[in-house]
Amino acid sequence: MSHRIVRLALALFLFATPLFAGTVLVAYTDMEPDVLNRYRRDLAEKFPDLSIKWVRESGGPITARLLAEKDNPQADIIFGLALSGVLAVDRQGGLETYRPEGMDSVPPMLRDDRDHPTWAGMNVVVGALAVNTRECERLGIPVPESWRDPIKPEYRGHIVMPNPLSSGTAYLHVTGWLQNLGEDKAWEFMEALDKNVKMYVHSGSKPAQMAAMGETPIGVSVDAYIATYLKKRTPLETVVPVDGVGWDIVAATLVKGGKNPEAARRLMDYAVSPDSARIGLEFDYLPVRPENDGPRQAELCSRLLPMDLRRAAEERDRVLAEWRRRFGSE
Amino acid sequence: MRPRPGGKATLVLLLPLAALLLGVLYPAAILLGRSMTDNMGSAIGLANFSAYFRTPGLATSLYHTLGVGVIVAAAVAVLAYALAYAFTHALVVGDRACRYLVVLPLSVPSVFFPIGMIYIFGRHGILSGVLGVGNIYGWSGIVFGEIVFIMPHATLLLVTALCGVDRRLYLAAQTLGASPWRRFRTITLPQTRNALLRAFLVAFILAITDFGVPKVLGGDYSMLSTELYTQIIGLQDLGMGSAIGVIMLVPSLMAFALDLWLVSSHPGQAQTGRYEKPVSAGARDLTFSLFAWGIVTVPTAIILAAVGGSFVAFWPYDLAPTLANYRFENSVYNIQPFFNSLEMSAAAAVAGMAITFAGAYVAVRTGANRLLSLLYRGMAFLSVGIPGTVLGLAFVFAFNRPENVLQLFYGSRAFLVFYCLIHFYAMGHLISAAGLASLDFRYEDAGKTLGVGRLSTFFRVILPLRFPVALEVAFYFFINAMTTVSGMVFIFSPDNAPASVAMLHFTDTGNYGEAAAMGALILAATLVARVAQEVLARRLRRPANRVNLRYRQ
């Protein structure tokens, strides 16, 4: 306890942030805590000279933080953030260009294919339904298999969906529908789904959490969020609708004006390396490098809808305004 | 009666005044400017505001917020009045314990309540079998959660007011044969009407600005605080977010102005009587005891449920007892935020106590420059009119810019302490000022006559005599810095993430067990602080008297 008091006294009189020996990197991420813990162990082994300070929050807060700090950057690297957020920062010129080592072996669709790239993909997050099987059984509703199911009348009031105005997860679903069903059909589908939605929540992880705790039988989410609960004793299942789902890329990028560009580049090389991809595989993710894919990854791949993420980012304001017009006035 | 001008004392006022100007007016001005720019930072006049009122769904958040504010404030005012009446005008069984439970909700962040509510009233809640599955999300959840969260604030205010009702009036009325109901209607109510109104206003401000409850239980019922969060965090529209911040400021400042008017136009109402315990009366005491205990059961049960939830593996499917949640593995900060919060809150307590006590002393007891004193009091009050979420956002805009020298300060621990200082300044000032004003003003005159400097009068008489007040101020800062969430979300940095923000992160990632565990630690820390404050106050009271005597000789 006494060293706390000493530290408190120091904090009071010096108001100084503590000094570290060696290079200190500040990394922002929206990765799930358990995955991040795995990465931290691996990084401590591979980069013993680096001490990394992690800031982990949901995609929205991280993006907002990056935008707010644009003129006074606090981070060196973004190590895993949904591409929608990365592109928002990129549009305001907040990212540094860098071509990480070995990036060319990543499929062009999953990396920045411009001459001076700012970001590179780490893995793909796949849209999915979090289904609580025990709740479904209790309510007498079948486990949904395709998007045709959750718009059926028996699912009325049994679906929790994130709000695309605040959630990138919701927006990737909306983009998937818009770019594949065509605008009119997609809005028609969302109108039908809206009738069954019990409520729209702020974040993409919340529907998964509510389904895991039995607060709703079905939540619209992504595979990464649902995976967090699969290790706990809860009757939860990941359902990837067979007629195809939207997806997003978890990307890494350097922050413009970061204080340790040299070390940050090393971390960036690591982010897109096969080592990093292997960690993704351990969590049943879909890494951007296909070489070690198992059957699970092949199945996920086969369900990805064709999508243009850059177009999705450009259309975001228009699409969200339309969404708000239709569903936002309750 | 008051001592004549104290030139040098005025200088003491300049430091807190500068801090207030820097922490209240400057960020507010920057925020106002930001609300008139678009996302890229170019000026667009009032376009954000007109867009707000034109966009379906956006404007709704204002009406929702005002509606919830009025209903919560009305419910809280009535319930808290009845509760305060029970404590002051009846003999409640287990009065002391019951009073502690009333203020218990102040010891935890507002995000703690939704967690407990899910454990009790959720689909698999402890009581859902008995009460049926109600909807705890959306309007009903927000209203219920806010009532529980705000009750203690209003109750404290009303207990003070109801204690002040002159007992002699009751005695007179009783001798004249007035019925209890008539006594209540013609004495109690008129004498405490202003306090009741003030309780309503305080509850209204808290209800329209809180962020924790709507964040977790709001669902798609949009409120101003969550809409502000959505605009900044979800849509990254800083201009619109600032505009909503400004819109939130308006009703909050109006309520605050009304409150200020009530206080200043009816000062010291009915504070003549000395409070005496009522004589016991069986039926009345039984009724009020049942009522009081019934009321405090609700928040207590919710808090206990959340604490209990921190000791199980995964609610509701895996109820195996465990301490794993206290390892905080699902956060990059582990348990560190708790220690960060302890340090930050302790620093805020010491700094807040020193600065508000010194400021209040100069403003109240020295006859410092009138204009400066008035400005100081105005600024001290104004700080309470700015909601935490808005203040936090304004802090980011104001202090995280390269042309500002204070940018170095940004994100440091001292920055968070500064935020707490500003955010809770008003109450700190009020407690100090009330305590100092009730002390005989002739001490200073006596000091002067005896040829003792003002400074030694302050340190040898005023401070020792009012040390319990200073301690109360310190405790107030401590407990609030431990539990505040709203503005912290925007301004913390990885080095100093506070416990309340860590709690919010745990609810975001769905680790409710760990969120509850962090909340339980906060609860434990504030309870320990409370005990320490009371023990210390009791110990120091005796030497204080000695100093007093020595001075008189």
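This is a predicted model, so every value here is computed, not measured. (Residues numbered from 1 in each chain as written. Chains lettered and ligands numbered in written order. Predicted model: local features only at pLDDT ≥ 70, side-chain atom pairs only at ≥ 80, totals over all residues.)

**As for the interface of chain A and chain B**
Part 1: Listed as interface residues are 57 residues of chain A and, on the opposing side, 48 residues of chain B.
Part 2: When residues of the side of chain A that touches chain B are traced back to their parent elements, those giving at least two are α1 (2–14), α2 (33–46), β2 (50–56), α3 (59–68), β7 (197–201), α8 (205–212), α9 (223–230) and α13 (309–327) of chain A.
Part 3: Considering each element in turn, the side of chain A that touches chain B owes the most residues, six residues, to α3 of chain A.
Part 4: Partitioning the side of chain A that touches chain B into residue classes produces 23 nonpolar, 19 polar and 15 charged. (Contact = placed C-beta atoms within 7 Å. Helix = DSSP H or I, 4+ residues; strand = E, 2+ residues; numbered from the N terminus. Nonpolar A, V, L, I, M, F, W, Y, C, P; charged D, E, K, R; others polar.)

**As for the domain arrangement of chain B**
Part 1: When the domains of chain B are assigned, the result is domain 1 (1–38 + 334–553) and domain 2 (59–226 + 264–309).
Part 2: Those elements giving two or more residues to the side of domain 1 of chain B that touches domain 2 of chain B turn out to be α16 (388–399), α21 (467–483), α23 (499–508) and α24 (512–552) of chain B. (Domains from an automatic or database assignment.)

**Points about the packing of helix α3 (residues 58–89) of chain B against helix α7 (residues 139–163) of chain B**
All names here are of chain B.
Part 1: Two elements in contact, α3 and α7, have axes whose closest approach is 7 Å; the angle formed by their N-to-C orientations is 45°. Considering their axes alone, α3 and α7 lie oblique with respect to each other. Of the two possible hands of crossing, α3 and α7 adopt the one that is right-handed. (Axes fitted to C-alpha atoms, helices over the stretch in contact; angles between N-to-C directions. Parallel < 35°, antiparallel > 145°, perpendicular 65-115°, else oblique. Left-handed = near helix turned anticlockwise from the far one by under 90°.)

**With respect to unusual backbone geometry**
Part 1: Residue P316 of chain B is reached from W315 of chain B by a cis peptide bond, and omega for that bond is -5°.
Part 2: Tracing the backbone through its elements, the reader meets P316 of chain B in the loop between β1 (312–314) and β2 (318–321).
Part 3: A positive phi angle is found at D284 of chain A, which is not glycine, with a value near 60°.
Part 4: Tracing the backbone through its elements, the reader meets D284 of chain A in the loop between α11 (274–282) and β11 (286–287).
Part 5: D284 of chain A sits in the partly exposed class, given 16 other C-beta atoms within 10 Å. (Buried ≥ 20, exposed ≤ 12 C-beta atoms within 10 Å, placed from the backbone.)

**As for the domain arrangement of chain A**
Residues and elements named next belong to chain A.
Part 1: Per the domain assignment, the segments making up chain A are domain 1 (2–124 + 248–301) and domain 2 (125–246 + 311–327).
Part 2: Averaged C-alpha coordinates put domain 1 and domain 2 at centres separated by 27 Å.
Part 3: The set of elements that each furnish at least two residues to the side of domain 1 that touches domain 2 consists of α3, α4 (83–91) and β10 (247–255).
Part 4: For the side of domain 1 that touches domain 2, the leading source of residues is α4, giving three residues.
Part 5: Among the residues making up the side of domain 1 that touches domain 2, the classes are represented as eight nonpolar, five polar and four charged.

**Thoughts on the environment of T366 of chain B**
Part 1: Secondary-structure assignment places T366 of chain B in the loop between α14 (336–365) and α15 (370–385).
Part 2: We classify T366 of chain B as buried; it has 23 C-beta atoms within 10 Å.

**Some thoughts on α15 of chain B**
Part 1: Given a rise of 1.5 Å per residue, 16 residues ought to cover 22 Å, and the 23 Å separating the end C-alpha atoms of α15 of chain B matches this to within 8%.
Part 2: Every buried residue of α15 of chain B is listed here: Y376, M379, A380, S383, V384 and G385 of chain B. (Expected span 1.5 Å × (residues − 1).)

**Structural notes on the nonpolar core**
Part 1: Counting 278 residues, the largest nonpolar core has I77 of chain A together with A199 and A203 of chain B as its most contacted members.
Part 2: No other element matches the 15 residues that α14 of chain B contributes to this core. (Core = buried A, V, L, I, M, F, W, Y, C linked by C-beta atoms within 7 Å.)

**Some thoughts on α9 of chain A**
Residue and element names in this part refer to chain A.
Part 1: Of all eight residues in α9, six are buried; the element is thus mostly enclosed.
Part 2: Those residues of α9 lying buried are D223, A224, Y225, I226, T228 and Y229.
Part 3: Against the buried residues of α9 lie α2, β5 (119–132), α8, β8 (218–222) and β9 (236–239).

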